[in-house]
Amino acid sequence: MEGSETLWAKANRLIPGGVNSPVRSFQSVGGEPFFVERGEGPYLFDTEGRRYIDYVLSWGPLILGHANPVVMDALADQLQRGTSYGAPTAEEVELAERIVRMVPSVEMVRLVNSGTEATMSALRLAKAVTGRDGLLKFSGCYHGHADPFLVAAGSGVATLGLPNSPGVSEAVAAQTRVLPFNDLDAVAELFEDCGDQISSVFVEPVVGNAGLILPVDGFLEGLRAVTEAHGALLVFDEVMTGFRVAEGGAQERYGIRPDLTTLGKVIGGGLPVGAFGGRRDLMEQMAPAGPVYQAGTLSGNPLATSAGNAQLRYLEEHCPFEELEAMADRLATGMCAALTEAGIPASGSSAGSMWGVCFREEPVRSFEDAQGADVERFKRFHRACLERGVFLAPSPFEVGFVSTVHTADIVDETLEAVRDAVREVG
Ligand code: HOZ
């Protein structure tokens, strides 16, 4: 196999920026990304034979770790029977049934191929049923890369400092109102002012694309009340939080019933997938049941649904959420302690199997807070961890994930490496 330097040079000649999704580039932390040879349990191995404890986990989907036999066996079985049919299968009905059972507000669901497709379709539906064009989102929340959402977005957009992408027309961007996360007064004011133009409020109920930001008490409840009062839909983007912050996602954890929910990541077990679902009366507006059009050649793909079913079946049967949450909390707390003991301002938080550490002393309540973090120090920290075999997302505006195969020993090993890394960070 070619070495990573050769691969990186070739990739840059052939693929814009050398990567097929901007978040994979190490542009904001410096250095070059490694090339993966294989994943195994909690580890990634690169083409040079180095091993990394992986806290990126394909950006969230791999809640059972890499190449888990539970998923691999389901895939092997499906592979014997073909890769795609463009016709209904029992597996897609099974996945829909599981999602409806596990996610409290979802009564009907449509499978798509990515989180971007899910949010884009949910927005179309919201606009169709309300007859309004406007949308409210929160700065630092990332809802995929469809035009109306590429305004003050988090994730790679924030990492690369491209808050509003060229190519998104002003007319489209003007339909999107943006407010700071956790600022309910600002939401109420906006709705008083122009609530009759807002079709929907899209929110990551726990933000995972601006580092980790938890909702303050009453924020999600307030969004539910204000949308209801003004005839707008509340859409929870649970692509990241789904099956991670609780079995039924953030809506279960915080006891809120959104009108629509978008999903992805965990429901595909590492294969390309997305979904949007919610109230039956809304979902029945989707073609061919209703007039709102949305379609996809590979939607409900049998490999993706087999992997997703295997993963969700495991979660339902073994219910590992408490253990995952305890592990994520240990990581966030331990990492934060290692930094602060060395005199480096830091705060840590976790929710379910998602966790984050921000290089800023005060707790982070909004993207605006997260932007106040010491990014230069994060860069040095990222590099020092990587050199010690710990792979963190290469951006201060992302979160960490844990899986069922990240054991207590692995967390100990990670924290030991972190304590060592911190000495170099200064
Ligand atoms: N939500 C993911 C990262 N925050 C997206 C992954 C990607 O853009 O590749």
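Since the model is a prediction, treat every value here as computed from it, not as a measurement. (Residues numbered from 1 in each chain as written. Predicted model: local features only at pLDDT ≥ 70, side-chain atom pairs only at ≥ 80, totals over all residues. Heavy atoms only, no water.)

### Observations concerning the packing of helix α3 (residues 90-102) against helix α11 (residues 302-318)
Then step 1. At their nearest, the axes of α3 and α11 sit 9 Å apart, and the two run at 35° to each other. Helix-helix and strand crossings are classified by hand; for α3 and α11 the assignment is left-handed. Here E91, E92, E94, L95, R98, I99, R101 and M102 of α3 lie close against α11, whose contacting residues are T305, S306, G308, N309, L312, R313, L315 and E316.
Then step 2. Broken down by class, the residue content of the contact of α3 with α11 amounts to five nonpolar, four polar and seven charged. (Axes fitted to C-alpha atoms, helices over the stretch in contact; angles between N-to-C directions. Helix = DSSP H or I, 4+ residues; strand = E, 2+ residues; numbered from the N terminus. Left-handed = near helix turned anticlockwise from the far one by under 90°. Contact = heavy atoms within 4.5 Å. Nonpolar A, V, L, I, M, F, W, Y, C, P; charged D, E, K, R; others polar.)

### Some points on the environment of G277
Then step 1. For G277, the location among the structural elements is in strand β10 (residues 274-278).
Then step 2. Once the C-alpha coordinates of G277 and E107 are considered, the two residues, 170 residues apart in sequence, prove to be 7.0 Å apart.
Then step 3. Among residues more than four places away in sequence, those in contact with G277 are V106, M108, V109, D259, L260, T261 and M283.

### Quick look at the packing of helix α14 (residues 375-387) against helix α15 (residues 408-425)
Relative placement of two packed helices is described by the angle separating their axes and the distance separating the axes.
Then step 1. Look at α14 against α15: their axes get within 9 Å of each other, and the N-to-C directions meet at 135°. In terms of their interaxial angle, α14 and α15 are classed as oblique. As for the relative orientation of α14 and α15, their crossing is right-handed in sense. Between α14, through R377, R380, F381, A384, C385 and E387, and α15, the contact on the second element is made entirely by V418, A421, V422, E424 and V425.
Then step 2. Considering only residue class, the contact of α14 with α15 consists of seven nonpolar, no polar and four charged. (Parallel < 35°, antiparallel > 145°, perpendicular 65-115°, else oblique.)

### Overview of the packing of aromatic side chains
Then step 1. Across all of its chains, the model carries 13 aromatic pairs by this definition.
Then step 2. Where F34 meets Y52, the ring centres are 4.2 Å apart and the plane angle is 10°; that geometry is what we call stacked. With F34 in the loop between α1 (4-14) and β1 (36-40) and Y52 in strand β3 (residues 51-54), this residue pair connects regions lying 18 residues apart in the sequence. With respect to class, F34 is no different from Y52; both count as buried.
Then step 3. Between F367 and F397, the ring centres sit 5.6 Å apart and the planes meet at 65°, which makes this aromatic pair edge-to-face. On the criterion of sequence distance, the pair formed by F367 in helix α13 (residues 367-370) and F397 in the loop between β13 (390-391) and β14 (400-401) is long-range, its members being 30 residues apart. For the pair F367 and F397, one class covers both residues: buried.
Then step 4. Each member of the aromatic cluster is reached from another via a ring pair, and the members are F26, F34, Y52 and F391. (Phe/Tyr/Trp six-rings, centres within 6.5 Å; stacked < 30°, edge-to-face > 60°. Buried < 20%, exposed > 50% of the residue type's maximum accessible area, 1.4 Å probe, protein only.)

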